[in-house]
Amino acid sequence: MRLRCAVLDDFQKVAVEVADWSLVADDVEVVAFDRHIESEDDLAAALAAFDIVVTLRERVPFPGSLITRLPRLKLIVASGMRNSVIDYATAEARGVTVCGTASSSTPPVELTWALLLGLARGIVEESSSLRSGGPWQSTVGADLHGRRLGLLGLGKIGSRVAQVGLAFGMHVSAWSQNLTRGRTAEIGVELAPSKEDLLASSDFVSVHLALSDRTRGLLGPAELALLKPTAYLVNTSRAAIVDQEALLAALHDGRIAGAGVDVFDIEPLPADHPMRTAPRLLATPHLGYVSRTNYATYYGQAVENIQAFLAGSPIRLLAR
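Just so you know, the residues in each chain are numbered from 1, in the order the chain's sequence is written. Selection of residues for local features in this predicted model requires a pLDDT of at least 70, selection of side-chain atom pairs for listing and counting requires 80 or more, and totals for whole chains, interfaces and linings are taken over all residues. As a rule here, side-chain values come from all non-hydrogen atoms in the structure, and water together with hydrogens is ignored.

J.: Can you explain the overall build of the protein chain? Please cite residues and give values.
T.: Helix and strand assignments come from DSSP, with helices taken as H or I runs of at least 4 residues and strands as E runs of at least 2, each series counted from the N terminus. The helix and strand tally for the protein chain stands at 11 helices and 12 strands. Computation of the radius of gyration draws on C-alpha atoms, with the globule rule given as 2.2 Å multiplied by the number of residues to the power 0.38. Computed over the C-alpha atoms, the radius of gyration of the protein chain is 21 Å, within 12% of the 20 Å expected from 2.2 N^0.38 for a compact globule of 320 residues. In terms of principal-axis extent, the alpha carbons of the protein chain reach across some 65 × 50 × 30 Å. Counting the 320 residues in the protein chain, one finds 49% classified as buried. Put simply, 65% of the contacts in the protein chain that link residues at least 6 apart link residues at least 24 apart. Note on exposure labels: buried denotes an accessible area under 20% of the residue type's maximum, exposed denotes more than 50%, and partly exposed covers the range between, all computed with a 1.4 Å probe on protein chains only. The contact definition used throughout considers only heavy atoms, calling two residues in contact when any of these lie within 4.5 Å.

Below, the structure written as structure tokens:
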């Protein structure tokens, strides 16, 4: 009997197109869901008849309470090699294998700069005005050359964002709790003396930290108050790193020039979520990892993971 595989959150309906699922077609029936399933009860009902689930990033939590309600579940494949919303202990106890895939840092780097440039030059406002017959020029762009870009995090993504900033002629500084002067020197940027100094001195601040107990709520009301009123904040990392209520307050009060956000406390955003209507906000629906090449990697390696699982030798195993 063929196993059944559910592919979750296939919003663009491309999961089956970008990879060769025929490699497992004799053994696996693939069903893609193009709408997000929000509640655990609805997930339990929708996935009850599936043996394999392919899920994107950390959008769909798999707590123990859900895993135990999926009696046929044998394999979870999550894109990326880190996932904090899967209960690995319950998965192991229930005999469920959990695998990941590679994920390129290039797409989030590019989206970071799309947001930053869009904010700096008022791209959305000016384009909308032009197309709707509005005023010809209504914003004055913020310069990048000679301005300071402050990076919270200088890992794979942050370091590449830094290199682009340097190419624009920006002064680039970085800070994280374990960042060393040797690492910043290697990238060619300055080590900020402190998080507070970085926030107070930067014209643009971009977040590139992993979410952990140390980084959750890292930018709260006190930290956001340190930003210049002319400064812009960009977050393509994790929503919980920035206090969402504090950010909304700063935007509504005009205490910062603007923010570019690709990640949210609830995804997809409810229709009435305040982030949808906040002023001075350039927002995108978590597009950081969404590119054709990245999707080909995700789903191509998902197929490889399924093949290896069927052969009895799972690969790219994940664990907390």
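J.: Explain the environment of Leu 111 to me, using residue names and the numbers behind them.
T.: Here Leu 111 lies in helix H4 (residues 106-120). Once you skip the residues sitting within four places of it in the chain, Leu 111 turns out to touch Thr 236, Asp 262, Thr 284, Leu 287 and Gly 288.

J.: Describe the packing of aromatic side chains, naming the residues involved and giving the relevant values.
T.: In this scheme Phe, Tyr and Trp rings, the latter by its six-membered ring, pair at centre separations within 6.5 Å, and the angle between planes marks the pair as stacked below 30 degrees, edge-to-face above 60, and tilted otherwise. Within this structure, the stated rule accounts for seven aromatic pairs. Summarising the aromatic geometry, the rings of Phe 33 and Phe 50 are spaced 5.9 Å apart at their centres and angled 65 degrees between planes, so their arrangement reads as edge-to-face. Of this pair, Phe 33 sits in the loop between strand E2 (28-32) and helix H1 (40-47) while Phe 50 is found in the loop between H1 and strand E3 (52-55), placing the two residues 17 residues apart along the sequence. According to the relative accessible area criterion, Phe 33 is buried, its value standing at 18%.

J.: Which residues make up the sheet that holds strand E6 (residues 148-152), and what values do they have?
T.: One open sheet holds the seven strands; their spatial order is E8-E7-E6-E9-E10-E11-E12, and the pairing between them is parallel. One side of each edge strand has no neighbouring strand; the edge strands of this open sheet are strand E8 (190-191) and strand E12 (281-283). Here, any two strands with at least 2 DSSP bridges between them count as paired. Bridging between strand E7 (residues 171-175) and E8 involves two bridges; their strand directions are parallel. Within E8, the position partnered with Ala 174 by the bridge is Leu 191. Note on method: axes are straight lines fitted to C-alpha atoms, helices fitted across the in-contact stretch only, with angles between N-to-C directions ranging 0 to 180 degrees. Seen against the sheet, helix H6 (residues 156-167) touches E6 and E7 and runs at an angle of roughly 175 degrees to E6.

J.: So what about the nonpolar core? Which residues, and what values?
T.: Leu 152, Leu 219, Leu 233 and Leu 247 are the most contacted members of the largest nonpolar core, which has 29 residues in total. Looking at this core, the elements that each hand over two or more residues are helix H8 (195-201), strand E9 (204-207), helix H10 (244-253) and strand E11 (258-261). Each residue touching Leu 247, except ones within four places of it in the same chain, is listed here: Leu 224, Leu 233, Val 242, Ile 256, Ala 259, Val 261 and Met 275. Listed in part, the 24 residues of the second largest apolar core include Val 18, Val 28, Val 77 and Cys 99. Only buried residues count toward a nonpolar core, which is a set of Ala, Val, Leu, Ile, Met, Phe, Trp, Tyr and Cys residues joined through side-chain atoms within 4.5 Å.

J.: Explain the sheet that holds E2 to me, and be specific about the residues and the numbers.
T.: Spatial strand order, E2-E1-E3-E4-E5: five strands in an open sheet with parallel pairing. Because the sheet does not close on itself, it has two edges, and the strands there are E2 and strand E5 (97-99). Between one strand axis and the next, the sheet turns by 15 degrees as a mean value, whatever way the strands run. Contacts from helix H11 (residues 292-310) reach strand E1 (3-7), E2, E3, strand E4 (75-78) and E5 within the one sheet, and its direction differs from that of E4 by about 155 degrees.

J.: Help me get a handle on the layout of surface pockets, residues and values and all.
T.: Of the voids in this model, the largest pocket is the one considered here, and its volume is about 1,100 Å³. Contributing to the lining of the largest pocket are 40 residues, with Arg 82, Ile 157, Leu 209, Ala 210 and Ser 237 lying nearest its centre. Element by element, the count of residues in the lining of the largest pocket is highest for H6, at three residues. Computed from the structure, the second largest pocket encloses a volume of approximately 510 Å³. Cavities and pockets are defined on a 1 Å grid built over the protein atoms alone: a cavity is a set of grid points where a 1.4 Å probe fits but cannot escape, while a pocket is an open set with protein on both sides within 12 Å along at least five of seven lines, and lining residues are those with an atom within 4 Å of any such point. Around the second largest pocket, the lining is made up of 22 residues, and of these Glu 58, Arg 59, Phe 264, Asp 265 and Glu 267 lie nearest the centre. Grid points are joined across faces, edges and corners, and a volume is the space filled by probe spheres set on the points.

J.: Break down the pairing of E7 for me, citing the residues and quoting the values.
T.: Burial runs high along E7: four of the five residues are buried. With five bridges joining them, E6 and E7 adopt parallel strand pairing. The partner of Leu 149 across the bridge, within E7, is Val 172. Handedness of a crossover is defined as follows: with both strands directed away from the viewer, a clockwise route from the first strand across the helix to the second makes it right-handed. A crossover links E6 with its parallel partner E7, the connecting element being H6, and its sense is right-handed. Handedness of the crossover joining E7 and E8 through helix H7 (residues 181-187) is recorded here as right-handed.

J.: So what's going on with the pairing of E11? Which residues, and what values?
T.: The side-chain alternation of E11 yields two buried faces, one formed by Gly 258 and Gly 260 and the other by Ala 259 and Val 261. Looking at chain direction, strand E10 (residues 232-235) and E11 are connected through four bridges and run parallel. In the sheet register, Tyr 232 faces E11, and the bridge partner there is Gly 258. Note that the unit made of E10, H10 and E11 has a crossover that is right-handed. Both E11 and E12 contribute to a ladder of three bridges, which runs parallel. Pairing of Val 261 across the sheet is with Ala 283, part of E12.

J.: Run through the packing of H4 against H6, naming residues and quoting values.
T.: Running from N to C, H4 and H6 point in directions that differ by 45 degrees, and their axes come no closer than 9 Å. Considering their axes alone, H4 and H6 lie oblique with respect to each other. Considering how the two elements wind past one another, H4 and H6 form a crossing that is right-handed. Counting all contacts with H4, which are made through Thr 106, Pro 108, Val 109, Thr 112 and Trp 113, the residues of H6 involved are Ile 157, Arg 160, Val 161, Val 164 and Gly 165. Here the contact of H4 with H6 is built from residues that sort into six nonpolar, three polar and one charged. When describing relative orientation, an angle under 35 degrees is termed roughly parallel and one over 145 degrees roughly antiparallel, while 65 to 115 degrees is termed roughly perpendicular and anything else oblique. Here is the rule for handedness: rotate from the far helix to the near one, and if that takes an anticlockwise turn smaller than a right angle the crossing is left-handed, while a clockwise turn gives right-handed. Each residue gets one label: Ala, Val, Leu, Ile, Met, Phe, Trp, Tyr, Cys and Pro are nonpolar, Asp, Glu, Lys and Arg are charged, and the others, such as Gly, are polar.

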